[in-house]
Amino acid sequence: MNPEIRKLIAEHARLAVDVGTLADDASLYEAGMTSHATVNLMLALEAGFDVEFPDSMLKRSVFESVTTITAALAELQPQV
Amino acid sequence: MSELLSGLTGPAESTGPLESVAWKIGVDVAGPVADEVDRESRFPREAVEELKRAGLLSALIPEQLGGGGATLAEVAGAVRALASHCTASALVLAMHSIEVSNLVRHGTSKPLQELQAEIASKQLLIANANSEVGIGGDVGRSICAVEPTDGGMTLEKQCLAISYGEHADAVVATARRAPDSEQTDQVQVICRRPDLTLEQTSDWDALGLRGTCSNGFRLVAKVDAGMIYPVPFATIASNGGIQASTILLSSAWVGLSEAAAAKAHEYVRAAARRSIGTIPPAAGHLAVLATELQQSRGLLATAANAFTAFEASPEMESPGFLASVRNVKVSTSELAVRITTGALSICGIAGFKRGTPFTLDRQIRDAHGSVVMVSNERYLRANAEMLLARKHL
Ligand SMILES: Cc1cc2nc3c(=O)[nH]c(=O)nc-3n(C[C@H](O)[C@H](O)[C@H](O)COP(=O)(O)OP(=O)(O)OC[C@H]3O[C@@H](n4cnc5c(N)ncnc54)[C@H](O)[C@@H]3O)c2cc1C
């Protein structure tokens, strides 16, 4: 799951740095992800992983890092 | 319901304790000089002195720190009551209270607790410098940064507008965390006198809301590490900041609308006394105006009471509540424009002229400020974007 998440971050989060240089738990916001980019990333994650983030998960903390996104996706797709 | 904001009636009737104090300050002090404050575009110092005397600047601070322990809904009631007499005075209370609300929610460190106690004991006035030249109202980004210097830190910011900046004891500003931080990696810093200088860069000769004295400034401050919030600015904003700000600003728009509607009502009653037995033609317009005023009051009361209910709940940050408070600000400001101009069509030439009891000059100009004081377009755009992610309307 991790490489696919990183690919979507690279395509949609519009970070100021290469996501490859970031640790899994590094803050994407600190790396320059705006709220606009967060929405785009969420849409790409929904399309890429065939999930829907419920409104209760639409919080900044959920999209904070590769680690938090992985945890959220795991919660949405328990089989993965 | 007596202590909370009422969605059905005006502040004269629904007398929460803070609301009635603010109403009295409006009648005795702020109202009588409101036209002068507007004409001269000057700080409403008399009203702010009275707010201090009444302890209203620390109403939101917990009682154990010396404050009033009031809810946001109660302070919203006070802002609304004052706005019926002088929108600029009410906005000073509103903007200051936004900062205090954030301090109460996120100022958990010892220095920020001590600051709250000091605000209460000295009735300090806090202003805001989030918006920045080159970025405008997009407060989720900053150009300026907290810079390390030998022996400390400094901040220099080109501020688009700092309402009542010259009269404030402290100015809260967003900035990038460090010189190498991205624009979205923001902290919020409280800059205090005497370590703060404001050099005016633009003046405030505005269409309305002239007493807010929202000049542009170059802010230069020595930053005390204890005066930086312990959480990122994004957390302050999404966890109570945007909500408190939209609700408190909306309170001013509702109070302003009530002032205009009250003039129209008085005008119609005077006409009815002159022609007893017939319904004056303008009475029908007034009935329409009353439905708009009720919408505005109801929107505000629901949001303000929800804020109080969500104070310690994750619901505060939910996308639904965030979108709804933005909607309340957009709606109450657009309704303020509608209600003030509607009142003009009722009062006619008596409303159009200055110096009559029915003049609507100041209210109509102030109402147009409500639409740009945090751009409605920006809020609608934020909500449009959020709707792409939300699953429920
Ligand atoms: C009375 C008053 C008092 C103020 N006091 C303060 C203060 O004390 N401290 C402070 O920091 N600021 C203050 N401000 C500034 C305020 O917070 C906003 O930053 C400012 O009103 C926005 O300025 P703007 O309209 O130029 O910029 P923007 O918000 O950038 O918007 C300009 C216009 O561009 C369009 N636009 C821009 N971005 C978008 C978008 N994303 N989506 C859709 N449309 C968009 C909209 O049509 C908008 O009206 C005050 C403003 C007023 C009117």
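Given the structure is predicted, the values throughout are model-derived calculations rather than measurements.

Trainee: Could you give an account of the overall build of chain A, with specific residues and numbers?
Mentor: Scanning chain A from N- to C-terminus turns up three helices and zero strands. Reading chain A from its N terminus to its C terminus gives the helix and strand order α-α-α. C-alpha atoms of chain A, sized along the principal axes, occupy 30 × 20 × 20 Å. Counting over 80 residues, chain A shows a buried share of 45%. Within chain A, contacts between residues separated by at least 24 positions form 51% of all contacts whose residues are at least 6 apart in sequence. Total accessible area on chain A is roughly 3,900 Å²; 54% of this is exposed by carbon and sulfur atoms. Side-chain charges in chain A split into 5 positive and 12 negative, and the spacing between the mean points of these groups amounts to 5 Å.

Trainee: If you had to explain the layout of surface pockets to someone new, which residues and values would you point to?
Mentor: Residues and elements named next belong to chain B. Considered as a void within the structure, the second largest pocket measures approximately 820 Å³ in volume. The wall of the second largest pocket is formed by 33 residues, among which Ser 84, Glu 258, Ala 259, Ala 262 and Lys 263 lie closest to the centre. Of the residues contributing to the lining of the second largest pocket, the split by class is 11 nonpolar, nine polar and 13 charged.

Trainee: Tell me about the sheet that holds strand β5 (residues 186-192) of chain B, and please be specific about residues and values.
Mentor: Residue and element names in this part refer to chain B. Taken in spatial order, the three strands of this open sheet run β1-β4-β5, and their pairing is mixed. Either end of the sheet is taken by a strand with one partner, and the two such strands are β1 (126-128) and β5. Looking at each pair of strands side by side, their axes are set apart by 30 degrees on average, direction ignored. With seven bridges joining them, strand β4 (residues 170-176) and β5 adopt antiparallel strand pairing. By the bridge assignment, Val 172 is partnered in β5 with Ile 190.

Trainee: An account of the interface of chain A and chain B is requested, with residue identities and associated values reported.
Mentor: Counting residues at the interface gives 19 residues for chain A, matched by 13 residues for chain B. In total, about 1,400 Å² of surface goes out of reach between chain A and chain B, with carbon and sulfur atoms giving 59% of it. Broken down residue by residue, the surface that chain A buries against chain B is led by A:Glu30, A:Asp55 and A:Arg60, which jointly contribute 35%. Viewed at the interface, chain B and chain A are joined by one salt bridge. Note that B:Lys391 is salt-bridged to A:Glu46, the shortest N-O span being 2.8 Å. On inspection of chain A and its partner chain B, the count reaches six residue pairs in polar contact (both at pLDDT 80 or more). A class-by-class count of the residues in the side of chain A that touches chain B yields 10 nonpolar, four polar and five charged.

Trainee: Just give me the short version of the site of the ligand, but keep the residues and values in it.
Mentor: Residue and element names in this part refer to chain B. Close to the ligand lie 20 residues; Asn 128, Ser 131, Ala 161, Ser 163 and Arg 378 are nearest. Contact distances for the ligand include 3.1 Å between an oxygen atom and a backbone N or O atom of Asn 130. For the ligand, an oxygen atom lies 2.7 Å from a polar atom in the side chain of Ser 131. Isolated, the ligand exposes 950 Å² of accessible area, and the fraction of that covered by the protein chains is 69%. Of all elements in the fold, only β3 (152-162) and α11 (376-389) reach the threshold of two or more residues within the shell around the ligand. Along the lines of polarity and charge, the residues of the shell around the ligand split into nine nonpolar, eight polar and three charged.

Reading guide: rules and limits
Residues numbered from 1 in each chain as written. Chains lettered and ligands numbered in written order. Predicted model: local features only at pLDDT ≥ 70, side-chain atom pairs only at ≥ 80, totals over all residues. Heavy atoms only, no water. Helix = DSSP H or I, 4+ residues; strand = E, 2+ residues; numbered from the N terminus. Buried < 20%, exposed > 50% of the residue type's maximum accessible area, 1.4 Å probe, protein only. Contact = heavy atoms within 4.5 Å. Areas by Shrake-Rupley, 256 points an atom, 1.4 Å probe, with all protein chains shown as cover. Lys, Arg positive; Asp, Glu negative; His and termini not counted. Charge placed at Lys NZ, Arg CZ, Asp CG, Glu CD. 1 Å grid on protein atoms, 1.4 Å probe; cavity = no way out; pocket = protein on both sides within 12 Å on 5 of 7 lines; lining within 4 Å. Points joined across faces, edges and corners; volume = space filled by probe spheres on them. Nonpolar A, V, L, I, M, F, W, Y, C, P; charged D, E, K, R; others polar. Pairing = 2+ DSSP bridges. Axes fitted to C-alpha atoms, helices over the stretch in contact; angles between N-to-C directions. Buried area = accessible area lost by both parts, 1.4 Å probe. Salt bridge = Lys/Arg side-chain N within 4 Å of Asp/Glu carboxyl O. Polar contact = N/O pair within 3.5 Å; in protein donor to acceptor, adjacent residues only side chain to side chain. Near = heavy atom within 4 Å.

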